[in-house]
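One letter stands for each residue in the lines below.
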Amino acid sequence: YGSMITLLQFVTLDSVSSIYGPLVRSKPVLLFYFLPILLIVSISLMNMVTAVLVEGALSQANNDRDVRKHNLMNKIRECTPIYRALFHTLDVDKSGT
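Residues numbered from 1 in each chain as written. Predicted model: local features only at pLDDT ≥ 70, side-chain atom pairs only at ≥ 80, totals over all residues. Heavy atoms only, no water.

Caption draft 1: Structural context of the nonpolar core. Counting residues in hydrophobic clusters, the biggest one holds five residues: F10, V16, V24, F34 and L38. Among residues more than four places away in sequence, those in contact with F10 are V16, I19, F34, I37, L38 and V41. (Core = buried A, V, L, I, M, F, W, Y, C linked by side-chain atoms within 4.5 Å. Buried < 20%, exposed > 50% of the residue type's maximum accessible area, 1.4 Å probe, protein only. Contact = heavy atoms within 4.5 Å.)

Caption draft 2: Expanded view of the packing of aromatic side chains. Here the structure, examined in full by the defined rule, presents two aromatic pairs. Between Y33 and F34 the ring centres are 5.2 Å apart and the planes differ by 75 degrees, which places this aromatic pair in the edge-to-face class. An aromatic cluster of at least three residues, connected via ring pairs, comprises Y20, Y33 and F34. (Phe/Tyr/Trp six-rings, centres within 6.5 Å; stacked < 30°, edge-to-face > 60°.)

Caption draft 3: Just a nonpolar patch on the surface, in detail. On the surface, a nonpolar cluster with roughly 460 Å² of combined accessible area is contributed by L31, L35, L39, I43 and M46. When you line up the elements, L39 lands in helix α3 (residues 31–90). For L39, a relative accessible area of 47% gives the class partly exposed. (Patch = residues over 30% accessible without salt bridge, like charges linked within 9 Å, V, L, I, M, F, W, Y side chains within 5 Å. Areas by Shrake-Rupley, 256 points an atom, 1.4 Å probe, with all protein chains shown as cover. Salt bridge = Lys/Arg side-chain N within 4 Å of Asp/Glu carboxyl O. Helix = DSSP H or I, 4+ residues; strand = E, 2+ residues; numbered from the N terminus.)

Caption draft 4: Spatial organisation of the environment of T50. Residue placement: T50 occurs in helix α3. With a relative accessible area of 44%, T50 lands in the partly exposed category. For the pair T50 and R84, spaced 34 residues apart in sequence, the C-alpha to C-alpha distance is 50 Å.

Caption draft 5: A look at unusual backbone geometry. Despite not being glycine, S15 shows a phi value in the positive range, around 50 degrees. Residue position: S15 is located in the loop between α1 (2–12) and α2 (17–26). Residue class for S15 comes out partly exposed when judged on its relative accessible area of 44%.

Any link to function would need more than the numbers given here.
This is the structure in structure tokens:
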């Protein structure tokens, strides 16, 4: 349980200095181990969260576009008979032009 909490702290950078600080102070060479891990893990997590948010936004935009298209097609179907009747009324010589 404790190691999972420590890993979670590492990934979220939540008070992570209390974990690696004492180790680096006792053996400074460990900085070459912890620093790349901190950078890679934190940037990877931020990229994944951003990717999920962007994917959700794009999916919602596609759904909105489909709904707008469907509504427009319904409006066209509703208005077509009205416009057709109007054009027939305006065509006094019955030439169709």
